[in-house]
Amino acid sequence: MRSTLVRQFGDPRQVIELVDAERVAPGAGEVEVEISLAAVNPSDLIPVTGAYSARTSLPFVPGFEGVGIVRRVGPDVRGLAEGDRVIPIGASGLWQQFLLRPAEWCFRVPDDIGDEQAAMSYVNPLTALRLVEALREHFGSLKGLSAAVTAAGSAIGGMLMKLLALEGMVPTAILRSDKSRIRLGGAQRIIVTDGGNLPTETRFDAVLDAVGGPLAGALIERSVRPGGTFIQYGALSGMAVPQAAIAARPDVRFAFLWLRTWVHSAGRDALQAGFSRSFTGLRDGLFKSPVAAIYPLSRLAEALAHQSDPRRDGKILIDPRC
């Protein structure tokens, strides 16, 4: 079967190999899923660089998000059958044609959700929902509170802007360039900054940060109200949040939110509920994401080049079957 493989950490465009791999029969409790489409996310590429080397074992197949068809069912599997369309989660490995996964980590996709949106129904929607839940846990009612969303021009940034508004919050989009404004549609509050020119009068009850680095440090130091919260869920800058900024604000609650941690502790019922909310959000447009391009796995190099293009407008998807 067609597959990818990472044998050493480094630049994803250099170290992700295209390989022929053995197709193995599913064991007890497992299903074999033929992947129809897989997404390309920062969370797929960052482990390839070695940023999480302490918890990433070599070699491995990248890809955390996608959709596929159950082709074979192992012994002792209940609730899934050949031909079922599912989202397999719980580990990387979706950048290959056939994937073995425990049946308990596979979630059926409703018939009215197409493959493209199903392939993007996991990482961003469930992360966005968890971030809003974390704000509720900290504040209780969110109505009338202010929140900043960094990298708001991204797919998940747009989702968060909509979700926060629905909760009655007043969201502000933090962008690194004016080029991202068009992705936000009718967003009313927008600040374009790299952190160095952050408006001094700006104050927020909460910041949801996907960037890290100097921008995160500036927001913590100058823009979070006492008693507020700063939640980091990504590090697009490739840099950590400055510890000095965190130490200087003991009146602010700082937290990480990694979807992987929640997924492996939540239990299947909570995950199923999360997917149900994701599918509802796809139907009503709340979680719908544009697709920039779909590449066959055989053209992975082109897909990764497009992923890194700052002019890209939408998700990159991979078809491992060709």
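Fair warning: this is a prediction, and the values are worked out from it, not measured in the lab.

> Please provide a residue-by-residue account of the overall build of the protein, values included.
A tally of regular secondary structure across the protein gives 10 helices and 15 strands. Scaling as 2.2 N^0.38, a compact globule of 322 residues should have a C-alpha radius of gyration of about 20 Å, and the protein matches this with 20 Å. In terms of overall dimensions, the protein has C-alpha extents of about 60 × 40 × 35 Å along its principal axes. Scored against the burial criterion, the 322 residues of the protein give a buried share of 52%. Of the roughly 14,300 Å² of accessible surface on the protein, a fraction of 50% belongs to carbon and sulfur atoms. Across the protein, 35 positive and 33 negative side-chain charges occur, with their mean positions spaced 4 Å apart.

> Just give me the short version of the sheet that holds strand 8 (residues 146-150), but keep the residues and values in it.
Strand order in the open sheet made by the six strands is 10-9-8-11-12-13, with parallel pairing throughout. One side of each edge strand has no neighbouring strand; the edge strands of this open sheet are strand 10 (190-192) and strand 13 (253-256). The mean angle between the axes of side-by-side strands here comes to 20 degrees, regardless of whether they run parallel or antiparallel. One ladder, built from five bridges, connects strand 8 with strand 9 (residues 170-175); its direction is parallel. The residue bridging Ser146 from the neighbouring strand is Val170, located in strand 9. In the packing of helix 4 (residues 123-139) onto the sheet, the strands contacted are strand 11 (204-209), strand 12 (224-232) and strand 13, and the crossing angle to strand 12 comes to about 150 degrees.

> An account of the domain arrangement of the protein is requested, with residue identities and associated values reported.
The assigned domain composition of the protein is domain 1 (2-120 + 289-319) and domain 2 (138-259). With six residues of domain 1 in contact, the opposing surface of domain 2 contributes four residues. Per-residue buried area on domain 1 facing domain 2 is highest for Pro42, Ser289 and Asp313; these three make up 45% of the total on that side. Counting the contacts that link domain 1 with domain 2 gives zero salt bridges. Residues that form the side of domain 1 that touches domain 2 fall into these classes: two nonpolar, one polar and three charged.

> Mind laying out the nonpolar core, listing which residues take part and the relevant values?
Tyr122 and Phe230 are the most contacted members of the largest nonpolar core, which totals 68 residues. The element best represented in this core is helix 4, accounting for eight residues. For this core, the two domains that each supply at least three residues are domain 1 (2-120 + 289-319) and domain 2 (138-259). In this structure, Tyr122 is in contact with Phe64, Glu65, Ile87, Ile89, Gly90, Thr127, Leu259, Val263 and Phe275, ignoring residues within four places of it in sequence. Among the nonpolar cores identified, the runner-up in size contains 31 residues, and Val33, Val77, Ala103 and Tyr295 belong to it.

> Kindly report on the layout of surface pockets, identifying the contributing residues and their values.
What the second largest pocket holds in volume is close to 190 Å³. What lines the second largest pocket is simply Arg130, Ala134, Glu137, His138, Ile231, Arg253, Ala255, Phe256, Leu257, Trp258, Thr261 and Trp262. Sorting the residues of the lining of the second largest pocket by element identifies helix 4, strand 13 and helix 8 (259-266) as the ones contributing at least two each. Top element by residues in the lining of the second largest pocket is helix 4. It accounts for four residues. Looking at the lining of the second largest pocket residue by residue, the class counts come to seven nonpolar, two polar and three charged.

> Describe the packing of aromatic side chains, with residues and values.
Scanning all chains against the criterion turns up six aromatic pairs. A cation over a ring is seen here: Arg23 above Phe98, with NZ or CZ 3.8 Å from the ring centre. In this structure, Arg55 packs its charged tip against the face of Tyr52, placed 4.3 Å from the ring centre.

> Could you give me a rundown of the pattern of salt bridges, with the residues and numbers involved?
Charged atoms that come close allow side chains of opposite charge to pair. One pass over the structure, following the stated rule, counts 15 salt bridges. Two residues, Glu32 and Arg72, come together in a salt bridge whose shortest N-O distance is 2.9 Å. With Glu32 in strand 3 (residues 30-40) and Arg72 in strand 4 (residues 66-73), this pair connects stretches of sequence that are 40 residues apart. Among the ionic pairs, Asp309 bridges to Arg311, the shortest N-O distance being 3.2 Å. With relative accessibility at 69%, the residue Arg311 sits in the exposed group. The network of salt bridges with common partners includes Arg23, Glu32 and Arg72.

So, how was this worked out
- Residues numbered from 1 in each chain as written.
- Predicted model: local features only at pLDDT ≥ 70, side-chain atom pairs only at ≥ 80, totals over all residues.
- Heavy atoms only, no water.
- Helix = DSSP H or I, 4+ residues; strand = E, 2+ residues; numbered from the N terminus.
- Rg over C-alpha atoms; globule rule 2.2 N^0.38 Å.
- Buried < 20%, exposed > 50% of the residue type's maximum accessible area, 1.4 Å probe, protein only.
- Areas by Shrake-Rupley, 256 points an atom, 1.4 Å probe, with all protein chains shown as cover.
- Lys, Arg positive; Asp, Glu negative; His and termini not counted.
- Charge placed at Lys NZ, Arg CZ, Asp CG, Glu CD.
- Pairing = 2+ DSSP bridges.
- Axes fitted to C-alpha atoms, helices over the stretch in contact; angles between N-to-C directions.
- Contact = heavy atoms within 4.5 Å.
- Domains from an automatic or database assignment.
- Buried area = accessible area lost by both parts, 1.4 Å probe.
- Salt bridge = Lys/Arg side-chain N within 4 Å of Asp/Glu carboxyl O.
- Nonpolar A, V, L, I, M, F, W, Y, C, P; charged D, E, K, R; others polar.
- Core = buried A, V, L, I, M, F, W, Y, C linked by side-chain atoms within 4.5 Å.
- 1 Å grid on protein atoms, 1.4 Å probe; cavity = no way out; pocket = protein on both sides within 12 Å on 5 of 7 lines; lining within 4 Å.
- Points joined across faces, edges and corners; volume = space filled by probe spheres on them.
- Phe/Tyr/Trp six-rings, centres within 6.5 Å; stacked < 30°, edge-to-face > 60°.
- Lys NZ or Arg CZ within 6 Å of the ring centre and 35° of its normal.

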